[in-house]
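# Chain and residue survey
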Amino acid sequence: MPLPRAPAARRGRRAGPVPYEPTLESPVTTMSTAHRATAVAARATELSKVYGEGETKVTALDRVTVDFPQGEFTAIMGPSGSGKSTLMHCVAGLDSFTGGSVRIGETELGSLKDKQLTQLRRDKIGFIFQAFNLLPTLSALENITLPMDIAGRKPDQDWLRKVIEMVGLADRLKHRPTELSGGQQQRVAVARALASQPEIIFGDEPTGNLDSRSGAEVLGFLRNSVRELGQTVVMVTHDPAAASYADRVIFLADGAIVDQMMHPTADGVLDRMKAFDSKGRTS
Ligand SMILES: Nc1ncnc2c1ncn2[C@@H]1O[C@H](COP(=O)(O)OP(=O)(O)OP(=O)(O)O)[C@@H](O)[C@H]1O
Ligand SMILES: [Mg+2]
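In short, a report on the structure.

Reading guide: rules and limits
- Residues numbered from 1 in each chain as written.
- Chains lettered and ligands numbered in written order.
- Predicted model: local features only at pLDDT ≥ 70, side-chain atom pairs only at ≥ 80, totals over all residues.
- Buried ≥ 20, exposed ≤ 12 C-beta atoms within 10 Å, placed from the backbone.
- Helix = DSSP H or I, 4+ residues; strand = E, 2+ residues; numbered from the N terminus.
- Pairing = 2+ DSSP bridges.
- Axes fitted to C-alpha atoms, helices over the stretch in contact; angles between N-to-C directions.
- Parallel < 35°, antiparallel > 145°, perpendicular 65-115°, else oblique.
- Left-handed = near helix turned anticlockwise from the far one by under 90°.
- Contact = placed C-beta atoms within 7 Å.
- Nonpolar A, V, L, I, M, F, W, Y, C, P; charged D, E, K, R; others polar.
- Core = buried A, V, L, I, M, F, W, Y, C linked by C-beta atoms within 7 Å.
- Near = placed C-beta within 6 Å.
- Arc of directions from axis to C-beta.

### A look at the pairing of strand β3 (residues 73-77)
With five of five residues buried, β3 lies mostly within the body of the structure. Two strands pair when backbone bridges link them, and β3 and strand β8 (residues 232-236) are joined in this way by four bridges, in the parallel orientation. Note on β8: the bridge partner recorded for Thr74 is Val234. Note that β3 and strand β9 (residues 248-253) share four bridges and pair parallel.

Shown next, in the form of structure tokens:
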């Protein structure tokens, strides 16, 4: 699907996919792209998150170091409880962490006051959650443009139309969330994240509630927004087919990154997951 050119040169972002070393297929414990010239949209360094203490202590993240380069589509996979949502929430400034650091662009999250953090999330980050987080009193269209309305930014009308068409909501824009199906609500959430063209989009199972055709359309559009507009996307998924839309998959187990795969295919991801299972690393 052809996409319109980005307005205002996309704040200086590079066009086109990130160049990869082709053989980074072996297990890794930490990852850094510091040796590459690529700008980093987000970076976690030695990031730890511990819940509770004593017998109830849970180490959800154990010194995770990872870069999310600009213009790259990263999928995060791993078994239930491995820390995927925690990693995403900490990097997105939605949750506090107990150790290490996170930066979005050049900004260290640890140095920000609550108000500044709220502003950074609003201006630079798009979210697509499984629980859609739509405002019930607003129409679909109002929900889509809400982050921009709050920030006092005017939506790019051509882009907005394109996004709405892609998610297939053109005839539902006046409906409130309660008048939409679960899948339609999910599509509103996807459109809301894409509409403001944020620095980075985080999605926690963004297609988990969609049928396979709508899911494939949404994933295709996310991938196109990466390829053609230099959008940065980080997505948690359990689905190897969804992960195959990404440029890279990172695998979490027990709060640590245990592997990564460049240019993933659904079969390749599935094989890798089976290999983990047979080693008992992810169960
Ligand atoms: N508020 C909390 N209090 C205590 N422990 C928590 C809390 N939130 C998450 N955890 C624990 O942290 C670990 C990581 O949770 P997280 O939600 O990041 O997993 P996940 O990989 O996203 O799993 P899923 O695939 O089921 O969504 C789990 O063991 C979970 O029980
Ligand atoms: Mg989760």
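### Comments concerning the packing of helix α4 (residues 157-167) against helix α5 (residues 182-195)
The N-to-C vectors of α4 and α5 enclose an angle of 155°; their axes lie 10 Å apart at closest approach. Relative to α5, the element α4 lies roughly antiparallel. For the element pair α4 and α5, the recorded crossing hand is right-handed. In this structure, α4 uses Leu160, Val163, Ile164 and Val167 to contact α5, whose residues at the interface are Arg187, Val190, Ala191, Leu194 and Ala195. Residues belonging to the contact of α4 with α5 are distributed by class as follows: eight nonpolar, no polar and one charged.

### Regarding the nonpolar core
Judged by nonpolar contacts, the single largest core of 67 residues is most densely connected at Ile76, Ala191, Ile200 and Val249. Per element, the largest residue contribution to this core is seven residues, and it comes from α5. Ignoring any residue separated from it by four or fewer positions in sequence, one finds Ile76 in contact with Lys84, Leu87, Met88, Val234, Met235, Val236, Ile250 and Leu252.

### Some details on the site of ligand 1
Ligand 1 sits among Tyr51, Gly52, Val58, Ala60, Gly78, Ser80, Gly81, Ser82, Gly83, Lys84, Ser85 and Thr86. Elements represented by at least two residues in the shell around ligand 1 include exactly β2 (58-69) and α1 (84-91). It is α1 that contributes the most residues to the shell around ligand 1, three residues altogether. Its residues assigned to classes, the shell around ligand 1 comprises three nonpolar, eight polar and one charged.

### Brief notes about α4
Taken residue by residue, α4 has Trp159, Val163, Ile164, Met166 and Val167 as its buried positions. An end-on view of α4 places all buried positions within 160° of arc, on one side of the element. Relative to its buried face, α4 has exposed residues pointing more than 90 degrees away, namely Gln157 and Asp158. Considering only its buried residues, α4 is in contact with α5 and α6 (212-229). Two residues or fewer past α4, Gly168 is found with a positive phi of approximately 70°.

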